[in-house]
Amino acid sequence: MLKSARKQERDPEGRMPLAEHLRELRNRLVKSLLAIVVTTVVAAFFYKDIIQFFTDPILESVGCQYSFAELAKGTDETQCARIVQNGLLSPFTLALTVSLSSGVAFAAPIWLYQLWAFVAPGLHRHEKKYSLGFVAAGFPLFLMGGFFAYWSLPKMASVMIEFSIIGSDNQLPLDDLLQLVMRMIIVFGLSFELPLLLVMLNFGGVLSGKKIAGWWRGMIMGITVFAAIATPSTDPISMLALAGPIWVLYFGASAIALANDRRRARREASGPADDEASELDLTPDDIGEIEPVTTSRAALPEQAGSDRSERVNGYDDVT
């Protein structure tokens, strides 16, 4: 039932009827959903380990190791936090949320491949090459940004906990804490995709490498401000740990864009690729002066007695 429509009859240019496209889309979606369901079920058995993986570094930096009597003394060393869950259904709801989110993340290679397999036949050869290159570069960049977020979160938590009232017990709802961790990982991961976005715009002909390289002052300032906001730690090391890699990636993207502009100029000089259509000049040419058409006899009975001197460009008002 889930047999791919493209395996039934392959077209060299990837053309398919609309019904076959819809059947192919259904098959890809079903395979992706099945992969997500399987990984979600597997993740449900390890959801506690997944939660501890994200929360243990934060709890170690701000966790309470004191009794309430010691907290009441009001010393600076007793500023800490405890992770709590509110409500009877909160543990079950959190388990479902963590399992489903983990299932979608772990099944990403499968549903990303299904998406690629659906759109790839409609792409040119060079478009397939660029798409695979962007995916191969984008995934490690996102993981790198997520790692920096995971590394900086304990430092951020230790700074934030210092604003608590001395002698109080700061309670951290587990669902809010996990949402904060996921939000930070996504924000950091997407920030590392900025150089890749610039390269994509350059390969698409939207931005030139010269223009991208000319933004270096504004980009350095913007990246620094973003790093200062995203890492609210008081030490500059955490800020530079985030801003430094993005600076390097930005200048690397500028170099790639400049090299691509030179390569594009050479390619345009040599002509289009084998699977690309050449540009055609469809501007109509001037046909020149119109010559009258003469005939030995009239084409219509009404033209038999007409005076040919009254014709315009070889035609009379009858025709």
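Keep in mind the model is a prediction, meaning the values are calculated, not measured.

Novice: So what exactly am I meant to see when it comes to the overall build of the chain here?
Specialist: Looking only at helices and strands, the chain has eleven helices and two strands in total. If you list the helices and strands of the chain from N to C, you get α-α-α-β-α-α-α-β-α-α-α-α-α. Within the chain, the proportion of its 319 residues that are buried is 31%. Looking at the chain as shown, the accessible area adds up to about 21300 Å², and 65% of this sits on carbon and sulfur atoms.

Novice: So what exactly am I meant to see when it comes to the packing of helix H2 (residues 47-62) against helix H4 (residues 90-106) here?
Specialist: Working note: a packed helix pair is described by the angle between its axes plus the distance between those axes. Two elements in contact, H2 and H4, have axes whose closest approach is 10 Å; the angle formed by their N-to-C orientations is 85°. Comparing their axes, H4 and H2 come out roughly perpendicular. Judged by residue contacts, Tyr-47, Ile-50 and Ile-51 of H2 engage Leu-94, Ala-95, Val-98, Ser-99, Ser-102 and Phe-106 from H4. Of the residues belonging to the contact of H2 with H4, the class tally is seven nonpolar, two polar and no charged.

Novice: I would appreciate a short explanation of the packing of aromatic side chains in the present structure.
Specialist: In this description, an aromatic ring pair is defined by two values, namely the gap between the centres and the angle between the planes. Following the criterion strictly, the structure yields six aromatic pairs and no others. Ring centres of Phe-53 and Tyr-150 lie 5.0 Å apart, and the angle between their planes is 10°; on these two criteria the pair is classed as stacked. Here the residue Phe-53 occupies a position in helix H2, and Tyr-150 occupies one in helix H6 (residues 125-160), the gap between them amounting to 97 residues. With relative accessibility at 48%, the residue Phe-53 sits in the partly exposed group. Summarising the aromatic geometry, the rings of Phe-147 and Phe-148 are spaced 5.9 Å apart at their centres and angled 75° between planes, so their arrangement reads as edge-to-face. Overall, the relative accessible area of 52% leaves Phe-147 in the exposed class. Grouped by ring-pair contacts, the aromatic residues Phe-53, Phe-54 and Tyr-150 constitute a single cluster.

Novice: Help me out: how do you make sense of the layout of surface pockets in this one?
Specialist: Empty space left among the atoms is revealed by rolling a probe the size of a water molecule over them. Looking at the largest pocket, its volume works out to about 1600 Å³. Along the wall of the largest pocket there are 42 residues; nearest its centre are Val-104, Ala-105, Ala-108, Phe-139 and Phe-142. Listing elements by their share of the lining of the largest pocket, those giving two or more residues are H2, H4, helix H5 (108-119), H6, helix H7 (174-191) and helix H8 (194-203). When residues of the lining of the largest pocket are assigned to their parent elements, the largest contribution, eleven residues, is made by H6. Taken together, the residues of the lining of the largest pocket break down into 31 nonpolar, nine polar and two charged.

Novice: Honestly, the packing of helix H1 (residues 18-44) against H5 in this entry has me stumped. Any pointers?
Specialist: In the contact formed by H1 and H5, the axes pass within 9 Å of each other and the chain directions differ by 170°. The angle between the axes of H1 and H5 places the two elements in the roughly antiparallel class. Contacts between H1 and H5 pair His-21, Glu-24, Leu-25, Arg-28, Lys-31, Ser-32, Ala-35 and Ile-36 from the former with Ile-110, Trp-111, Gln-114, Ala-117 and Phe-118 from the latter.

Novice: Please explain the environment of Tyr-47 as it appears in this structure.
Specialist: By the secondary structure assignment, Tyr-47 is in helix H2. Under the relative-accessibility criterion, Tyr-47 is labelled partly exposed at 22%.

Novice: Looking at this structure, how should I read the pattern of salt bridges?
Specialist: Between side chains of opposite charge, pairing is possible as soon as their charged atoms come close. Under the defined criterion, the tally for this structure stands at two salt bridges. One salt bridge in this structure joins Glu-20 and Arg-23, with 2.7 Å as the shortest N-O distance. One end of the pair is Glu-20 and the other is Arg-23, both in helix H1 and three residues apart, which spans about a single turn. Overall, Arg-23 belongs to the partly exposed group, its relative accessible area being 30%. One salt bridge connects Arg-28 with Glu-24, and the closest N-O pair in it is separated by 2.9 Å. Of this pair, Arg-28 and Glu-24 both sit in helix H1, four residues apart, roughly one helical turn. The exposure class assigned to Glu-24 is buried, which follows from its relative accessible area of 0%.

What counts, and at which threshold
- Residues numbered from 1 in each chain as written.
- Predicted model: local features only at pLDDT ≥ 70, side-chain atom pairs only at ≥ 80, totals over all residues.
- Heavy atoms only, no water.
- Helix = DSSP H or I, 4+ residues; strand = E, 2+ residues; numbered from the N terminus.
- Buried < 20%, exposed > 50% of the residue type's maximum accessible area, 1.4 Å probe, protein only.
- Areas by Shrake-Rupley, 256 points an atom, 1.4 Å probe, with all protein chains shown as cover.
- Axes fitted to C-alpha atoms, helices over the stretch in contact; angles between N-to-C directions.
- Parallel < 35°, antiparallel > 145°, perpendicular 65-115°, else oblique.
- Contact = heavy atoms within 4.5 Å.
- Nonpolar A, V, L, I, M, F, W, Y, C, P; charged D, E, K, R; others polar.
- Phe/Tyr/Trp six-rings, centres within 6.5 Å; stacked < 30°, edge-to-face > 60°.
- 1 Å grid on protein atoms, 1.4 Å probe; cavity = no way out; pocket = protein on both sides within 12 Å on 5 of 7 lines; lining within 4 Å.
- Points joined across faces, edges and corners; volume = space filled by probe spheres on them.
- Salt bridge = Lys/Arg side-chain N within 4 Å of Asp/Glu carboxyl O.

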